[in-house]
Amino acid sequence: GAVVSQHPSRVICKSGTSVKIECRSLDFQATTMFWYRQFPKQSLMLMATSNEGSKATYEQGVEKDKFLINHASLTLSTLTVTSAHPEDSSFYICSARDVTGSYNSPLHFGNGTRLTVT
Amino acid sequence: DAKTTQPNSMESNEEEPVHLPCNHSTISGTDYIHWYRQLPSQGPEYVIHGLTSNVNNRMASLAIAEDRKSSTLILHRATLRDAAVYYCILRAGASGGGADGLTFGKGTHLIIQP
């Protein structure tokens, strides 16, 4: 089956530093990847849509200068949390849709990155 | 995406069937019904999806009401590994442009008793 690899699975960083999270589709190509954030005991919230070769589309209320997204290839998207603060501590999850699939093809999710900002 | 309503939690016994309901009374004619589940500390996992007819796969069955205003995810024989949050999500049949990521509600927390 289609696999999405997310790295790192856990990261602890100090307040004010930046953290990069990678999302790779291992056995398929993805023109579109999605980034979600999930706070404890809450549901997933879509942050942004990452499009290969173009700028990401951010959901309302998500700061594009704070959450930098780069989708440089058909198999890799990165999310950089810049100048992280404790309130950015969350579970970040990416997902991808196979470029060969239809619009309604299932999305494949990574196993998430738990970010803790101290 | 149209709204779905699911019970907050359900409990079942191991090796028994589980029926997870979802109401979606405002579904449009082109909306697909998708189900995903999320095990603790993991990303969501696709379970099944359908449009009008009932669907079966190796994980589950999806029963869709004739008027499509509700659906039921059926786990035929629950195991402890099926304990997860199950999300019922409507997805438009064709992209209208803009973001087309899934919109997750609160889902149903399924508890499996040994």
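Our subject is the structure listed above.
Please read all numbers here as calculations on a predicted model, not as lab measurements. Sequence order sets the numbering: in each chain, residues are counted from 1 along the sequence as written. Lettering of chains starts at A and numbering of ligands starts at 1, both following the order in which they are written. It should be noted that, the model being predicted, local features are given only for residues of pLDDT at least 70 and side-chain atom pairs only at 80 or more, the latter also being counted only at that level, while totals for whole chains, interfaces and linings use all residues. As a convention, hydrogens and water are excluded, and side-chain values are obtained from all of the structure's heavy atoms.

*Asks:* I'd like a rundown of the overall build of chain A, residues and numbers included.
*Replies:* Tallying secondary structure elements over chain A gives zero helices and 11 strands in all. Secondary structure elements are defined from DSSP: runs of H or I of at least 4 residues count as helices, runs of E of at least 2 residues count as strands, and each element is numbered from the N terminus. Ordered by position in the sequence, the α and β elements of chain A form the string β-β-β-β-β-β-β-β-β-β-β. Since a compact globule built from 118 residues should have a radius of gyration of about 13 Å, the 14 Å found for chain A is in line with a globular shape. If you line up chain A on its principal axes, its C-alpha atoms span 40 × 25 × 20 Å. Working rule for contacts: check all heavy atoms of both residues, and any pair within 4.5 Å makes them a contact. For chain A, restricting intrachain contacts to residue pairs at least 6 apart in sequence, the fraction spanning at least 24 positions comes to 55%. Residue-level accessible areas treat just the shown protein chains as cover; the underlying method is Shrake-Rupley with a 1.4 Å probe. Counting only carbon and sulfur atoms, one obtains 50% of the accessible surface of chain A, whose full area is about 5800 Å². One finds the centroid of the 11 positive side-chain charges in chain A at a distance of 6 Å from the centroid of its 9 negative side-chain charges. To get the radius of gyration, use the C-alpha atoms; to get the globule rule, take the number of residues to the power 0.38 and multiply by 2.2 Å. His is not counted here, nor are the chain ends, while Lys and Arg score as positive and Asp and Glu score as negative. Charge coordinates come from a single atom per side chain, which is NZ of Lys, CZ of Arg, CG of Asp or CD of Glu.

*Asks:* I'd like to hear about the interface of chain B and chain A, residue by residue, with values.
*Replies:* With 23 residues of chain B at the contact, the number on the chain A side is 21 residues. At the boundary of chain B with chain A, total buried surface from both sides reaches about 1700 Å², with 54% on carbon and sulfur atoms. Values labelled buried area give the accessible surface lost by two parts on being combined, using a 1.4 Å probe and summing over both. Of all residues in chain B, Arg91, Asp100 and Phe104 of chain B bury the most surface against chain A, accounting for 26% of the area lost on that side. Criterion for a salt bridge: a side-chain nitrogen of Lys or Arg within 4 Å of a carboxyl oxygen of Asp or Glu. Taken together, chain B and chain A are joined by zero salt bridges. By the criterion applied in these results, polar contacts are pairs of N or O atoms within 3.5 Å in which, for protein atoms, one can donate a hydrogen and the other can accept it, and in which residues neighboring in sequence qualify only through two side-chain atoms. Seen at the junction of chain B and chain A, the total is five residue pairs in polar contact (both at pLDDT 80 or more). Taken together, the elements giving at least two residues each to the side of chain B that touches chain A come down to β3 (32–38), β4 (45–50) and β8 (84–91) of chain B. Of all the elements, β3 of chain B adds the most residues to the side of chain B that touches chain A, at four residues. Lys, Arg, Asp and Glu make up the charged group, whereas Ala, Val, Leu, Ile, Met, Phe, Trp, Tyr, Cys and Pro make up the nonpolar group; the residues left over, Gly among them, are polar. For the side of chain B that touches chain A, the residue count by class is 10 nonpolar, 10 polar and three charged.

*Asks:* Report on the packing of aromatic side chains, specifying residues and quantitative values.
*Replies:* Stacked, tilted and edge-to-face are the three classes applied to pairs of Phe, Tyr and Trp rings, where Trp contributes its six-membered ring and a pair requires centres within 6.5 Å; stacked means planes under 30 degrees apart, edge-to-face means over 60, and tilted covers the rest. According to the stated counting rule, one finds eight aromatic pairs over all chains in the structure shown. Relative to Phe104 of chain B, the ring of Tyr36 of chain B has its centre 6.4 Å away and its plane inclined at 65°; by these criteria the two rings are edge-to-face. Here Phe104 of chain B lies in the loop between β8 and β9 (108–113) and Tyr36 of chain B lies in strand β3, a separation of 68 residues in the sequence. No difference in accessibility class separates Tyr36 of chain B from Phe104 of chain B, as the two residues are buried. Among the aromatic residues, ring-to-ring pairing joins Tyr36 and Phe109 of chain A together with Tyr36, Tyr46, Tyr87 and Phe104 of chain B into one connected group. The ring of Phe67 of chain A has Lys66 of chain A sitting right over it, with the charged end atom 6.0 Å from the ring centre. Sitting above the plane of the Phe91 of chain A ring, Arg114 of chain A keeps its charged end 4.5 Å from the centroid. Exposure categories follow from relative accessible area, calculated using a 1.4 Å probe and restricted to protein chains: below 20% of the type maximum is buried, above 50% is exposed, and the middle band is partly exposed. Here, over-ring charges are defined by two tests on the NZ atom of lysine or the CZ atom of arginine: distance to the ring centre within 6 Å, and angle to the ring normal within 35 degrees.

*Asks:* Lay out the pairing of strand β3 (residues 19–25) of chain A in plain terms, naming residues and giving numbers.
*Replies:* Residue and element names in this part refer to chain A. Burial along β3 is one-sided: the residues Val19, Ile21, Cys23 and Ser25 are buried and none of Lys20, Glu22 and Arg24 is. Inspection of the sheet shows strand β1 (residues 4–7) paired to β3 by four bridges, in the antiparallel sense. If you follow His7 over to β3, its bridge partner there is Glu22. Strand pairing is defined by DSSP finding a minimum of two bridges between the two strands.

*Asks:* Which residues make up the sheet that holds strand β6 (residues 61–64) of chain B, and what are the values?
*Replies:* All names here are of chain B. With antiparallel pairing, four strands are arranged side by side in an open sheet as β2-β7-β6-β5. Two strands bound the open sheet, and with one partner strand each, they are β2 (18–23) and β5 (55–56). Two strands pair when backbone bridges link them, and β2 and strand β7 (residues 70–75) are joined in this way by six bridges, in the antiparallel orientation. Within β7, the position partnered with Asn23 by the bridge is Ser70.

*Asks:* So what about the state of the cysteines? Which residues, and what values?
*Replies:* Cysteine sulfur atoms that come within 2.5 Å of each other are treated as a disulfide pair. One pass over the full model with this rule turns up two disulfides over all chains. Two residues share a disulfide in this structure: Cys23 of chain A and Cys94 of chain A, whose sulfurs sit 2.0 Å from each other. Every disulfide takes its handedness from the sign of the S-S torsion; for Cys23 of chain A and Cys94 of chain A that torsion is 80°, giving right-handed. Placement of Cys23 of chain A in strand β3 and of Cys94 of chain A in strand β9 (residues 90–97) is noted, with a sequence separation of 71 residues between them. With relative accessibility at 0%, the residue Cys23 of chain A sits in the buried group. Between the sulfur atoms of Cys22 of chain B and its disulfide partner Cys88 of chain B the distance amounts to 2.1 Å.

Purely geometric numbers; function is a separate question.
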